2 protein chains.
Amino acid sequence: MSNESRNTIFIGKKPLMAYVTSTLIQLANLPTVYIKARGMSIGHAVDVAQIVARKTENAGYSIGEIKIGSESLESQDGRTRNVSTIEIEVKRNN
Amino acid sequence: MSNESRNTIFIGKKPLMAYVTSTLIQLANLPTVYIKARGMSIGHAVDVAQIVARKTENAGYSIGEIKIGSESLESQDGRTRNVSTIEIEVKRNN
């Protein structure tokens, strides 16, 4: 498994706390984790990042760089549409 | 009206393009505009910022700093709950 996939949590339709737990496990092993989402899940990515940051601030973690973007998706009727994306860095402080 | 409110677009339940238009009008007059949202509207704030950035990149605007946070809201049953927030800066390049 590549390092890129190991340090990235993709937010989907599971309960929020499932992603919070996954992120905390990754942070125990890695200095930086990226929480990513697109479309309707973007709000949940922010929720997960905020919960993780609150639970880990005493342990020396914080929100780092936040990037937004968009991706072209081809829908089932063959048309392409743009979907927004977000990537939130959670990192160990120096 | 304070400068803070003039350079801030709050994303709510109107159609996306209403906020795109408001943001473009503010950018014509001000060097920096902040697109803000909370809760379920966070994804729409990213959509608006992406559309505005795409429409204005040739005119020399780009996405700046992005901040996330959370606010405590008191619901009608008297309990407080946290809601996530986002603030996206759109700015004129130097």
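Further up the page is the structure itself.
Each value, and the rule that gives it
As a convention, each chain's residues are numbered from 1 in the sequence order in which they are written. All chains are assigned letters beginning with A, and all ligands numbers beginning with 1, in the order in which they are written. Reporting of local features is limited, given that this is a predicted model, to residues whose pLDDT is at least 70; pairs of side-chain atoms are given and counted only at 80 or more, and all residues count toward the totals for whole chains, interfaces and linings. Where helices and strands are cited, they refer to DSSP runs of H or I of at least four residues and of E of at least two residues respectively, numbered from the N terminus. With C-beta atoms placed from the backbone, a residue is labelled by how many other C-beta atoms lie within 10 Å of its own: buried for 20 or more, exposed for 12 or fewer, partly exposed between the two. This entry defines residue contacts through backbone-placed C-beta atoms, with two residues in contact when those atoms are within 7 Å. Pairing between two strands requires that DSSP report at least two bridges joining them. Every axis in this analysis is a line fitted to C-alpha atoms, fitted for helices over the stretch in contact. Angles between the N-to-C directions lie between 0 and 180 degrees. Just so you know the grouping, Ala, Val, Leu, Ile, Met, Phe, Trp, Tyr, Cys and Pro go in nonpolar, Asp, Glu, Lys and Arg go in charged, and all remaining residues, Gly too, go in polar. In what follows, roughly perpendicular refers to angles from 65 to 115 degrees, roughly parallel to angles under 35, roughly antiparallel to angles over 145, and oblique to any angle outside these ranges. Helix crossings are classified by the rotation of the near helix relative to the far one: an anticlockwise turn of less than a right angle makes the crossing left-handed, while a clockwise turn makes it right-handed.

A. Quick peek at the overall build of chain A. When helices and strands are tallied, chain A shows three helices and four strands. For the C-alpha atoms alone, the extent of chain A along its principal axes is close to 50 × 25 × 20 Å. Buried positions account for 29% of the 94 residues belonging to chain A. Once local pairs closer than 6 in sequence are excluded, the contacts in chain A between residues at least 24 apart make up 64%.

B. Local environment of the sheet that holds strand β2 (residues 32-38) of chain A. Residues and elements named next belong to chain A. The four strands are arranged β1-β2-β4-β3 in an open sheet whose pairing can be described as mixed. Whereas interior strands pair on both sides, the edge strands pair on one side only; in this sheet they are β1 (8-10) and β3 (61-74). Between one strand axis and the next, the sheet turns by 20 degrees as a mean value, whatever way the strands run. For β1 and β2, the ladder comprises three bridges, and the chain directions are parallel.

C. Structural context of the interface of chain A and chain B. Of the residues lining the interface, 15 residues belong to chain A; the matching set on chain B comes to 15 residues. Mapped by element, the contributors of at least two residues to the side of chain A that touches chain B are α3 (42-56), β3 and β4 (80-92) of chain A. Looking at the side of chain A that touches chain B element by element, the count peaks at six residues for α3 of chain A. When the residues that make up the side of chain A that touches chain B are grouped by side-chain class, the tally is nine nonpolar, five polar and one charged.

D. Representation of the environment of Ala-49 of chain B within the structure. The residue Ala-49 of chain B is located in helix α3 (residues 42-56) in this model. Ala-49 of chain B sits 23 residues away from Gln-26 of chain B along the chain, and the two C-alpha atoms are 13 Å apart. Among residues more than four places away in sequence, those in contact with Ala-49 of chain B are Ile-68 of chain A together with Ile-35, Ile-63, Ile-88 and Val-90 of chain B.

E. Broad picture of the sheet that holds strand β4 (residues 80-92) of chain B. As summarised here, the arrangement of the four strands in space is β1-β2-β4-β3 (chain B), forming an open sheet in which the pairing is mixed. Looking at which strands have only one partner, the edges of the open sheet turn out to be β1 (8-10) and β3 (61-74) of chain B. When the angles between neighbouring strand axes are averaged without regard to direction, this sheet yields 20 degrees. Relative to the sheet, α3 of chain A contacts β3 and β4 of chain B, its axis offset from that of β4 of chain B by approximately 110 degrees.

F. Up close: the packing of helix α2 (residues 16-29) of chain A against α3 of chain A. All names here are of chain A. Between α2 and α3, whose axes approach to 9 Å, the crossing angle comes to 50 degrees. It follows that α2 is oblique to α3 by the angle criterion. Crossing angle aside, the handedness with which α2 passes α3 is right-handed. For the pair α2 and α3, the contacting residues are Leu-16, Tyr-19, Val-20, Thr-23, Leu-24 and Leu-27 in the first and His-44, Asp-47, Val-48, Ile-51, Val-52 and Thr-56 in the second. Residues of the contact of α2 with α3, tallied by class, amount to eight nonpolar, three polar and one charged.

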